[in-house]
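What follows is each chain in one-letter form.
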Amino acid sequence: MALVYRPMMQFSGMLFALLGWVLSCLTTYLPQWKNLNLELNELEIWTMGLWQACVVQEEGGMQCKDFDSFLALPTELRISRILMFFSNGLGFLGLLLSGFGLDCLKIGERQQEQKKRLLLFGGMLFWISGITAVVPVSWVAHSTVQEFWDENIPDIVPRWDFGEALFVGWLAGFCLMLGGSLLNCTTCSAEVHPSSVRYAVAEQQDQCQHLETETRP
């Protein structure tokens, strides 16, 4: 079974990790980390990301303004910038290392132990990348919930709500950790060699022929 499922698990792991890395990069630059609906003007929706604040009008227009200073940002947004960059870099490095460790890659076929280490190290990088993607979006979500239910803020003051980027970030972290887990699982399974596959097929054919001879009258 390991001979059959090992390449499939490697392919699935790389696919999930690649999807998670793309979503992580998308989360970093999306301006919808927080949404704000104004009751006085329901035709406008304010959004805030790591880099800029935007106003989305119902007519379809969107105006954005970059933040003037990094130090003027709230603490969670400053740390989130750093962690998201860290997540994207680790994810890219994990894709490179894991790619060279795949069984389907003909390069380094005689160095199976080194390829196994590359695959294991790449899976660990995906795990760290997923965690560093989940932490900032969860931190911003936690601070948003605290501000939303803060009794010291008057009810007339508009409250920030979850933006779409937070959900994209959670999905990115999940895909990265799932991809890393699948790749790490393949390093514990039996190695796939073409000779082993041919031997297994030949043995199965011999068993079938043996059964046919026994069933003949």
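Chemist: Can you help me understand the state of the cysteines in this one?
Modeler: What is meant by a disulfide is a covalent connection between two cysteines, made through their sulfur atoms. Within the structure shown, the criterion is met by one disulfide. The disulfide partner of C54 is C64, and the gap between their sulfur atoms is 2.0 Å. Looking down the S-S bond of the C54 and C64 bridge, the torsion is 110 degrees, so its handedness is right-handed. Of this pair, C54 sits in strand 3 (residues 52–57) while C64 sits in strand 4 (residues 62–66), and the two are 10 residues apart along the sequence. When its relative accessible area of 39% is taken as the criterion, C64 is described as partly exposed.

Chemist: What exactly am I supposed to notice about the packing of helix 2 (residues 75–100) against helix 3 (residues 112–148) here?
Modeler: Between two packed helices, the angle of one axis relative to the other and the distance separating the axes together describe the packing. Relative to each other, helix 2 and helix 3 sit at 160 degrees, their axes nearing to 8 Å. As judged from the angle between their axes, helix 2 and helix 3 are roughly antiparallel. In terms of crossing hand, the pair formed by helix 2 and helix 3 is left-handed. Class assignment of the residues belonging to the contact of helix 2 with helix 3 gives a composition of 21 nonpolar, 11 polar and three charged.

Chemist: Would you take a moment to explain the pattern of salt bridges for this structure?
Modeler: Proximity of charged atoms lets side chains of opposite charge pair with each other. By the definition in use, this model includes two salt bridges. For E76, the salt bridge goes to K34, with nearest N and O atoms at 3.9 Å. Here E76 is found in helix 2, whereas its partner K34 is found in strand 1 (residues 34–37), with 42 residues between them in sequence. For the residue pair E76 and K34, the accessibility class agrees, reading buried in each case. Note that K65 is salt-bridged to D68, the shortest N-O span being 3.2 Å. By the burial criterion, K65 is exposed, and D68 matches it.

Chemist: Got a minute to help me understand the packing of aromatic side chains in this structure?
Modeler: By convention here, two paired aromatic rings are described through the distance between centres and the angle between planes. According to the stated counting rule, one finds seven aromatic pairs in the structure shown. The interplanar angle of 35 degrees and the centroid separation of 5.9 Å between the aromatic rings of W21 and F92 together place this pair among those described as tilted. With a gap of 71 residues between them, W21 in helix 1 (residues 2–29) and F92 in helix 2 connect regions that are remote in the sequence. Residue class for F92 comes out partly exposed when judged on its relative accessible area of 43%.

Here is what the cut-offs are and how they apply
- Residues numbered from 1 in each chain as written.
- Predicted model: local features only at pLDDT ≥ 70, side-chain atom pairs only at ≥ 80, totals over all residues.
- Heavy atoms only, no water.
- Disulfide = S-S within 2.5 Å.
- Helix = DSSP H or I, 4+ residues; strand = E, 2+ residues; numbered from the N terminus.
- Buried < 20%, exposed > 50% of the residue type's maximum accessible area, 1.4 Å probe, protein only.
- Axes fitted to C-alpha atoms, helices over the stretch in contact; angles between N-to-C directions.
- Parallel < 35°, antiparallel > 145°, perpendicular 65-115°, else oblique.
- Left-handed = near helix turned anticlockwise from the far one by under 90°.
- Nonpolar A, V, L, I, M, F, W, Y, C, P; charged D, E, K, R; others polar.
- Salt bridge = Lys/Arg side-chain N within 4 Å of Asp/Glu carboxyl O.
- Phe/Tyr/Trp six-rings, centres within 6.5 Å; stacked < 30°, edge-to-face > 60°.

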